[in-house]
Amino acid sequence: MSKPELISFELCPFVQRSVITLLEKDQEFDITYIDLANKPEWFLNISPSGKVPVLRIGDSVVFESAVINEYLDETTPPSLHPNDPLKKAVNRAWIEFSSQLNMDMFHWLRAEDKAQMEEKQSGMMSHLKQVEDQLGEGPFFNGETFRLVDAAYAPYFMRLELIADKVEAHCLESLPKCLAWHTAMKEKESVIKSVIPTFKENFLDYVAANSGYISKSM
Ligand SMILES: N[C@@H](CCC(=O)N[C@@H](CS)C(=O)NCC(=O)O)C(=O)O
């Protein structure tokens with residue numbers, strides 16, 4: 001079968017989850033970057049939602065990062081899920097929850113004034129506290145082994161650290177388990193290599209150019 005092709009946008013946290021999974025699986029793949037502000041016709045023809053990531057394998061198209069990752073996990077053993085069905089279901093549930101945090105961040109960055117920004121930050125912090133309460137001894141979500149659930153959260157924490165440093169938001173100060181988890185994940189080779197070398201600058205430029213109130217303090 002031909003190498004899978006991941007259709008990507010270089011700053012997308014959902015794409016990054018699939019890149020981490022491909023790298024963890026040591027799987028060869030091609031990556032094609034598109035401009036989401038100017039989506040090419042060929043992409044609109046294959047992507048039902050118009051969103052990245054899309055994984056193209058031969059004539060088949062898989063979309064939704066969680067589904068892509070499940071496919072990669074099933075086809076390239078060993079699995080990055082716990083074996084126990086209940087633990088696996090709990091992991092999948094928290095993978096779903098991570099999308100909420102990405103949406104929280106999206107709204108936090110686009111809040112139009114200080115009051116709205118504080119409200120969005122506090123909503124995001126209460127979701128983060130729910131994650132904190134799930135974490136055990138670490139270093140990863142399930143303990144010693146890096147799994148799909150870690151791949152789902154690493155992109156969010158990477159972005160949170162960049163923004164929080166820039167605007168001195170100190171979001172993880174009161175969440176020691178999340179901080180330790182993020183610290184362990186960001187040292188993983190698959191996480192480091194899952195973004196382009198200029199990710200930090202490009203991401204902060206993007207936030208500064210596209211955001212609401214928060215960009216004024218950057
Ligand atoms: N639930 C989707 C979310 C993907 C998503 O929101 N991708 C964004 C970029 S980060 C996108 O393609 N946005 C384009 C659009 O909405 O038009 C997944 O997990 O794959």
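Okay, so let's go over this structure. (Residues numbered from 1 in each chain as written. Predicted model: local features only at pLDDT ≥ 70, side-chain atom pairs only at ≥ 80, totals over all residues. Heavy atoms only, no water.)

**Considerations on the packing of aromatic side chains**
Aromatic ring pairs are reported here in terms of the distance separating the ring centres and the angle at which the planes meet.
Now for step 1: With the rule as written, the count across this model stands at 10 aromatic pairs.
Now for step 2: Ring geometry for Tyr 156 versus Phe 157: centroids 5.3 Å apart, planes at 70°, classification edge-to-face. Here the two residues Tyr 156 and Phe 157 agree in accessibility, since each one is buried.
Now for step 3: When the centroid spacing of 5.5 Å and the interplanar angle of 70° are considered together, the rings of Phe 157 and Trp 181 count as edge-to-face. Of this pair, Phe 157 sits in helix H6 (residues 148-167) while Trp 181 sits in helix H7 (residues 176-186); the two residues are 24 residues apart in sequence, bridging distant segments of the chain. (Phe/Tyr/Trp six-rings, centres within 6.5 Å; stacked < 30°, edge-to-face > 60°. Buried < 20%, exposed > 50% of the residue type's maximum accessible area, 1.4 Å probe, protein only. Helix = DSSP H or I, 4+ residues; strand = E, 2+ residues; numbered from the N terminus.)

**Things to note about the pairing of strand S1 (residues 5-8)**
Now for step 1: Of the two faces of S1, the one carrying Glu 5 and Ile 7 and the one carrying Leu 6 and Ser 8 are both buried.
Now for step 2: Running through helix H1 (residues 13-24), the crossover from S1 to the neighbouring parallel element strand S2 (residues 30-33) is right-handed.
Now for step 3: Sheet analysis places S1 next to strand S3 (residues 54-57), joined by three bridges and oriented antiparallel. For Glu 5, the partnering residue across the bridge sits in S3 and is Arg 56. (Right-handed = clockwise from strand over helix to strand, strands pointing away. Pairing = 2+ DSSP bridges.)

**Overview of the nonpolar core**
Now for step 1: With 66 residues, the main nonpolar core has Trp 108, Leu 128, Tyr 153, Phe 157, Leu 160 and Trp 181 as its most contacted residues.
Now for step 2: Here this core gets 14 residues from one element, more than from any other, and that element is H6.
Now for step 3: Both domains that meet at this core, namely domain 1 (5-75) and domain 2 (85-217), each give it at least three residues.
Now for step 4: Look past the residues within four positions of Trp 181 in its chain and what remains in contact with it is Val 131, Leu 135, Pro 139, Phe 140, Phe 141, Val 149, Asp 150, Tyr 153 and Phe 157. (Core = buried A, V, L, I, M, F, W, Y, C linked by side-chain atoms within 4.5 Å. Domains from an automatic or database assignment. Contact = heavy atoms within 4.5 Å.)

**Things to note about the site of the ligand**
Now for step 1: Taken together, Cys 12, Pro 13, Phe 14, Leu 36, Lys 39, Gly 50, Lys 51, Val 52, Pro 53, Glu 64 and Ser 65 make up all the residues around the ligand.
Now for step 2: In this structure, an oxygen atom belonging to the ligand sits 2.5 Å away from a side-chain N or O atom of Lys 39.
Now for step 3: Across the complex, the protein chains shield 73% of the 510 Å² of accessible surface that the ligand would expose by itself.
Now for step 4: Of the residues in the shell around the ligand, the class split is six nonpolar, two polar and three charged. (Near = heavy atom within 4 Å. Polar contact = N/O pair within 3.5 Å; in protein donor to acceptor, adjacent residues only side chain to side chain. Areas by Shrake-Rupley, 256 points an atom, 1.4 Å probe, with all protein chains shown as cover. Nonpolar A, V, L, I, M, F, W, Y, C, P; charged D, E, K, R; others polar.)

**Some points on the packing of H1 against helix H3 (residues 65-75)**
Now for step 1: As a packed pair, H1 and H3 sit with axes 9 Å apart at the nearest point and diverge in direction by 5°. With respect to H3, the axis of H1 lies roughly parallel. Of H3, the residues touching H1 (which contributes Phe 14, Arg 17, Ser 18, Thr 21 and Leu 22) are Ser 65, Ile 68, Asn 69 and Leu 72.
Now for step 2: Looking at side-chain class alone, the contact of H1 with H3 contains four nonpolar, four polar and one charged residues. (Axes fitted to C-alpha atoms, helices over the stretch in contact; angles between N-to-C directions. Parallel < 35°, antiparallel > 145°, perpendicular 65-115°, else oblique.)

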